[in-house]
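Chains, contacts and geometry: an overview
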Amino acid sequence: MGFEDETTNISGYLIEETQQLDVISIIGMLGLGKTTLTGKILCDPEIPYEFSTRICVYISQEFTKKDVFINIPRSSPGSVRICIRKLMKS
């Protein structure tokens, strides 16, 4: 899948200066390429320059806020590199 336009748009939102905290959610049905799109955004050369720490948190359809917050610290930068390597192999 391409996702070039989507990757460019979302990366642009991430590096745009704002006065408030913004949240960008990538949602959709199974198999649409959300994980692939996320990997492409994390690999964008501008993103590591702007954000030295990046995390991927996977949230299933059935989740609790507690589970999400517990998984955030587990998603260390090392985990992100592993996530990217797995994405690049697929």
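A brief report on the enclosed structure follows. Quantities reported herein were computed from a predicted structural model and do not represent experimental measurements. All residue numbers here refer to positions counted from 1 along the written sequence of the relevant chain. At least 70 in pLDDT is required for a residue's local features to be given in this predicted model, at least 80 for side-chain atom pairs to be given and counted, and no such filter applies to totals for whole chains, interfaces and linings, which use all residues. Water and hydrogen atoms were dropped before computing side-chain values, which therefore reflect all heavy atoms in the structure.

Section: the overall build of the protein chain
In plain terms, the rule: Comment: elements are numbered from the N terminus, with helices defined as DSSP H or I runs of at least four residues and strands as E runs of at least two. Burial classes follow relative accessibility: with a 1.4 Å probe on protein chains only, a residue under 20% of its type's maximum area counts as buried, one over 50% as exposed, and anything between as partly exposed. Note on definitions: a residue-residue contact is assigned when non-hydrogen atoms from the two residues lie within 4.5 Å. In short, Shrake-Rupley with a 1.4 Å probe defines the accessible areas, and a residue's cover is counted only from the protein chains shown.
Of regular secondary structure, the protein chain possesses five helices and zero strands. Starting at the N terminus and walking to the C terminus, you meet the elements of the protein chain as α-α-α-α-α. By the burial criterion, 21% of the 90 residues in the protein chain qualify as buried. Looking at the protein chain alone, contacts between residues at least 24 apart form 58% of all its contacts between residues at least 6 apart. Accessible surface computed for the protein chain: about 7400 Å², of which carbon and sulfur atoms make up 56%.

Here's the deal with the packing of helix α1 (residues 4-15) against helix α2 (residues 34-43)
Our working rule: Only C-alpha atoms enter the line fits that serve as axes; for helices the fit covers just the stretch in contact. Angles between N-to-C directions range over 0 to 180 degrees. Any angle that is under 35 degrees is reported as roughly parallel, and any over 145 degrees as roughly antiparallel; angles of 65 to 115 degrees are reported as roughly perpendicular and all others as oblique. What makes a crossing left-handed is the near helix being turned counterclockwise from the far one by less than a right angle; a clockwise turn instead makes it right-handed. Three categories are distinguished: nonpolar for Ala, Val, Leu, Ile, Met, Phe, Trp, Tyr, Cys and Pro, charged for Asp, Glu, Lys and Arg, and polar for the others, with Gly belonging to the last.
Running from N to C, α1 and α2 point in directions that differ by 55°, and their axes come no closer than 9 Å. Classed by the angle they form, the pair α1 and α2 counts as oblique. Here α1 and α2 pass one another in a crossing that is right-handed. On α2, the residues touching Glu6, Thr7, Ile10, Ser11 and Leu14 of α1 are Leu37, Lys40 and Ile41. Among the residues forming the contact of α1 with α2, the class breakdown is four nonpolar, two polar and two charged.

Side note on the nonpolar core
Condition: Note on terminology: a nonpolar core comprises buried Ala, Val, Leu, Ile, Met, Phe, Trp, Tyr and Cys residues joined through side-chain atoms within 4.5 Å.
Core analysis: the largest hydrophobic core is formed by five residues, namely Phe3, Ile10, Leu37, Ile41 and Ile47. The contacts of Ile47, once residues within four sequence positions are left out, are Ser11, Leu14, Ile15, Ile41 and Arg54.

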